[in-house]
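# A closer look at the structure
Here is how the chains run, residue by residue.
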Amino acid sequence: MVFTPQHDQMDCGPACLSMVASLHGKKYSLQYLREKCFLTKDGVSLLGISEAAKKIGFNPIATRLTLEELVSLAEPCILHWNQNHFVVLQKVKNQHVTNQRTFRIADPGFGYITIDEGSFKKSWLSENTEGIALYLDPTEQFYKVEAIQSDGLSIKYFLDYLKPYKRQILQLLLLLLTGSGIALLLPVLMKNLIDLGVSPKNMGMVKLILMAQLALFVGSLTIEIFRNWIVLYVGARINISLVSDFMKKLLKLPMGFFETKMMGDFNQRIQDNERIEAFLTSQSLLTFFSVITLSAFLVILCYYDLTILLVYAVLTGISIIWFYYFLYKRSILDYLRFRQRSENQENIYEIFSGVTEMKLNQVEDMKRKGLKQNLLKLFEINLKILKLEQVQLSGFEFINQTKNIVVTFLAATYVINGNMSMGELLSVSFIIGQMNAPVSQLVTFFRSFQDAKLSLERLNEVQNHPEEEQVDQKPLGLTGKHLPIGEMPGVKLSDLFFQYGASSSPFVLKEINLLFPEGTTTAIVGASGSGKTTLMKLLLKFYEPTHGEVCFNNVNLTMVSASSLRRNCGVVMQDGFIFADTIERNIATSDELIDYTRLWNAIRIANLQEFIESLPLREKTKVGAVGNGISGGQKQRLLIARAVYKNPRYILLDEATSALDAANEKIIHQNLTEFFLGRTVIVIAHRLSTVKNADNIIVLKDGQVVEQGNHSTLVSKKAEYFSLIKNQLELGN
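Residues numbered from 1 in each chain as written. Predicted model: local features only at pLDDT ≥ 70, side-chain atom pairs only at ≥ 80, totals over all residues. Heavy atoms only, no water.

### Focus: the overall build of the protein chain
Within the protein chain one finds 26 helices and 18 strands. Buried residues in the protein chain amount to 48% of all 733 residues. The contacts in the protein chain between residues at least 6 apart in sequence include a share of 74% that link residues at least 24 apart. With an accessible surface of roughly 36,400 Å², the protein chain has 59% of that area assigned to carbon and sulfur atoms. (Helix = DSSP H or I, 4+ residues; strand = E, 2+ residues; numbered from the N terminus. Buried < 20%, exposed > 50% of the residue type's maximum accessible area, 1.4 Å probe, protein only. Contact = heavy atoms within 4.5 Å. Areas by Shrake-Rupley, 256 points an atom, 1.4 Å probe, with all protein chains shown as cover.)

### Thoughts on the pattern of salt bridges
Per the counting criterion, the structure on display carries nine salt bridges. Across the pair arginine 101 and glutamate 68 runs a salt bridge, and its minimum N-O distance is 2.7 Å. Highlighted residues: arginine 101 in strand S4 (residues 101-107) and glutamate 68 in helix H4 (residues 67-72), separated in sequence by 33 residues. A relative accessible area of 14% means that arginine 101 is categorised as buried. One salt bridge connects glutamate 584 with lysine 620, and the closest N-O pair in it is separated by 2.9 Å. Residue glutamate 584 is found in helix H19 (residues 583-587), and its partner lysine 620 is found in the loop between helix H21 (609-613) and strand S14 (622-623); the two are separated by 36 residues along the sequence. Here the salt bridges share partners, and the residues they tie into one network are Glu68, Arg101, Glu117 and Lys121. (Salt bridge = Lys/Arg side-chain N within 4 Å of Asp/Glu carboxyl O.)

### What to know about the sheet that holds strand S11 (residues 555-556)
In a beta sheet, neighbouring strands pair by backbone hydrogen bonds and run either parallel or antiparallel. The strand order S8-S7-S10-S11 describes an open sheet built from four strands, whose pairing is antiparallel. Across the chains shown, the open sheet's two edge strands, defined by having one partner strand only, are strand S8 (507-517) and S11. Pairing geometry for strand S10 (residues 547-552) and S11, over two bridges, is antiparallel. Each bridged residue has a counterpart across the sheet, and for phenylalanine 552 the counterpart in S11 is valine 555. (Pairing = 2+ DSSP bridges.)

### Points about empty space enclosed by the protein
Empty space among the atoms becomes apparent when a probe as large as a water molecule is rolled across them. Under the counting rule described, the total for this entry stands at five cavities of 30 Å³ or more. Empty space within the largest cavity amounts to approximately 60 Å³. What lines the largest cavity is simply Ile640, Ala643, Val644, Ile651, Leu653, Leu672, Phe675 and Phe676. Mapped by element, the contributors of at least two residues to the lining of the largest cavity are helix H22 (632-645), strand S15 (650-654) and helix H23 (662-675). (1 Å grid on protein atoms, 1.4 Å probe; cavity = no way out; pocket = protein on both sides within 12 Å on 5 of 7 lines; lining within 4 Å. Points joined across faces, edges and corners; volume = space filled by probe spheres on them.)

### Details of the sheet that holds strand S9 (residues 521-526)
Sheet architecture is open: six strands sit in the order S12-S15-S16-S9-S17-S18, paired in mixed fashion. Either end of the sheet is taken by a strand with one partner, and the two such strands are strand S12 (569-572) and strand S18 (704-709). Looking at each pair of strands side by side, their axes are set apart by 15° on average, direction ignored. Judged from the five bridges that link them, S9 and strand S17 (residues 696-701) form a sheet pairing that is parallel. Opposite isoleucine 524, over in S17, you have isoleucine 698 as the bridge partner. (Axes fitted to C-alpha atoms, helices over the stretch in contact; angles between N-to-C directions.)

### Considering helix H1 (residues 12-23)
For H1, spanning twelve residues, the distance from its first C-alpha to its last is 17 Å, which sits close to the expected 16 Å at 1.5 Å a residue. Here H1 lies mainly inside the structure; eleven of its twelve residues are buried. Listing the buried residues of H1 in full gives Cys12, Gly13, Pro14, Ala15, Cys16, Leu17, Ser18, Met19, Val20, Ala21 and Ser22. Positive phi shows up at glycine 25, right after H1, with a value of about 90°. (Expected span 1.5 Å × (residues − 1).)

### Topic: the environment of alanine 602
For alanine 602, the location among the structural elements is in helix H20 (residues 596-605). The buried category is assigned to alanine 602, whose relative accessible area is 0%. The spacing of alanine 602 and lysine 646 is 44 residues in sequence and 9.0 Å in space, taken between C-alpha atoms. The contact partners of alanine 602, leaving out residues within four places of it in the chain, are Ile587, Ala641, Val644 and Tyr645.

### Some remarks on the side chain of serine 564
Secondary-structure assignment places serine 564 in helix H18 (residues 562-567). Not counting the four nearest positions on each side in its chain, serine 564 is found in contact with Pro475 and Leu476.

### Focus on the packing of aromatic side chains
In total, this model carries 15 aromatic pairs according to the counting rule given. Measuring from centroid to centroid gives 4.9 Å for phenylalanine 498 and tyrosine 500, while their planes differ by 85°, and the two rings are edge-to-face. Looking at phenylalanine 498, the relative accessible area reads 5%, which means it is buried. Aromatic side chains phenylalanine 552 and tyrosine 650 sit 5.2 Å apart centroid to centroid with 80° between the ring planes, which places their arrangement in the edge-to-face category. Linking phenylalanine 552 in strand S10 with tyrosine 650 in strand S15, this pair joins segments that are 98 residues apart in sequence. The same class applies to phenylalanine 552 as to tyrosine 650, namely buried. The ring centre of phenylalanine 675 lies 4.0 Å from the NZ or CZ of arginine 679, which sits over that ring. (Phe/Tyr/Trp six-rings, centres within 6.5 Å; stacked < 30°, edge-to-face > 60°. Lys NZ or Arg CZ within 6 Å of the ring centre and 35° of its normal.)

### What about helix H8 (residues 166-198)?
For the α-helix, the turn length of 3.6 residues means that residues three or four positions removed from each other point alike. Over its 33 residues, H8 runs 46 Å from end to end, which matches the ideal 48 Å to within 8%, given 1.5 Å per residue. The largest bend in H8 comes to about 30°, at asparagine 192. (Bend = angle between axes of the 7 residues up to and from the residue.)

### Some thoughts on the nonpolar core
With 46 residues, the main nonpolar core has Ile583, Ile587, Leu608, Ile640, Ile697 and Tyr721 as its most contacted residues. The greatest single-element share of this core, amounting to seven residues, is contributed by H22. When near neighbours in sequence (up to four residues on either side) are disregarded, isoleucine 583 contacts Phe611, Ile612, Leu615, Arg618, Glu619, Thr621, Val623 and Leu638. By size, the runner-up hydrophobic cluster in this structure holds 29 residues, among which are Leu509, Ile512, Phe516 and Ile682. (Core = buried A, V, L, I, M, F, W, Y, C linked by side-chain atoms within 4.5 Å.)

### With respect to the state of the cysteines
Applying the stated criterion across every chain yields a total of zero disulfides. Summary of cysteine pairing: cysteine 16 is not part of a disulfide, and the nearest cysteine sulfur, belonging to cysteine 12, is at 6.2 Å. Here cysteine 37 is not cross-linked by a disulfide; its sulfur's nearest cysteine counterpart is in cysteine 12, at 9.6 Å. By relative accessible area, cysteine 37 is classed as buried at 1%. (Disulfide = S-S within 2.5 Å.)

Pasting the structure below:
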């Protein structure tokens, strides 16, 4: 079985499926299985894994088993672990000495582990005597279906970032070449110092050689200063480009991608870019010239004595093999550290974001203890990495020092036997000392290359993910030129179904057939969970319908550019975001040059004049992220002003006035009624004042349209709408 570590906190299910598939000779990319498992921020369900398994040709059987039933079934299976995780049970062994059973587990977040029966029961059994297992039986279809592998990013992709800095790279190469030349001259000077200066007692030669050594040292020091400056300059510029391009790509991805990620996952990927930058600018070039220097030193050793060269080469090879042997185990631990750091960052972000609620509900100690537990887990992982590196590096250094002693012993023997001069002995000793650095650099390169490779695999998911904008998509048409003769222009939903998650999960929206006529106002009402906000997100192309279609003036939304659609939509969502910027920038978000006529018109419509004029810096006043420093009502009015400033053709409002007092709501409602003229407006609201004047009111219940019509018509029916406004809009009897 090929072990598949999880890249992110919620990847355990797809990773387990990938490992089971590898047992049967198929290697699927984690990204492909992640999409098939319907991953969300809450992770993946057993149902989602089963659905994905079916699609690649497995016959999944999920069942509850006792421990004895599980042991009696020999084949590997996926286990629901600790109520919030998935692992693969690889095998069960009976220990003959202790007569106890041990369980071999492949944990995508921790690597291979072997645990005793007591620990296994504690983690697997969910209801006293039973636990959940998923068995995957490959069908004929499994072997017919071609395994999907994602196109990984090659290092060439990142080498392209070096192209703008060819001149600096050339300068660096020349400096490194000169430094390597100086390093090669030093053992020659050392030999001549003894053989031509000290032995014949020639002080003039001693002074000359020492002056040459001093000059070479000053030259080497100068080269080091310039080299460090170039590496810093090029590295910083490449890092800026890498992070900027990564964010550019990231922000082009569809909303569905962000639904499956935690904040810490993105933070860790920024650090992945930094590791690749370090590999490109530091390790690669230094290793290249370390190899050149090492080769030159080997030639000099060969000139002195072939036996010394062979001993040195063999022992150096053994030390490198020793170091390389531990790289795989280190890669597993690196994945663990990535995941744990991501989780820790998520917890810290939650603590600072939710400090008010924490204090109100007295959960500070519980959250602090949770963070402490995560930090202890990270400490344990770092401890394992330290232990591994100590064994790895200690063995490497031991072999290296043994090699130095053996080579020095051989050289000393040659001097005693008269086969080598004292100067040559010191020169060999000097070369051996100088060669340790290139060998260590080569070993460091292997480790840095592994880090860069691991980072490439994680970044590959972002870089190769399909972008939201596709080349065949067109701008949103604002005219009805695509409409059949006699058909009314507007937004039309035909046989629309939508569900979150697997195909067997319940539908959030069912059989929706609606028309939002051009230039009219439509209100959508319904109890919480009836699908109102989901419907709005479908209209904004945050999600694709499961079945059916959404058309703007007879053009299917799948063929419309999402950017063009949203450019023509003024939107206020329930969870609208206030940026850490000035008030004017929070309203005129996308315009580099603000149109102050439109700005103040938007401020007037949102009834923000009095609030803004009371501030010392007026519209230049900076507000915090998520609206820190302003009230809920002021935040909502800012969001309304933002939507109005865009001067959009379509307006979508989701509980846009829910935080406003009655006086402000009345003023803003009057202003918006004037602004709505000639525009297509869709309003989600509970308040009667917002709903009653709409041209059409749609009532949703359990994801279906149960009523529609204007206010007076629906009230007269005394059905679902009447019940809603009686109970929620305070209409009364």
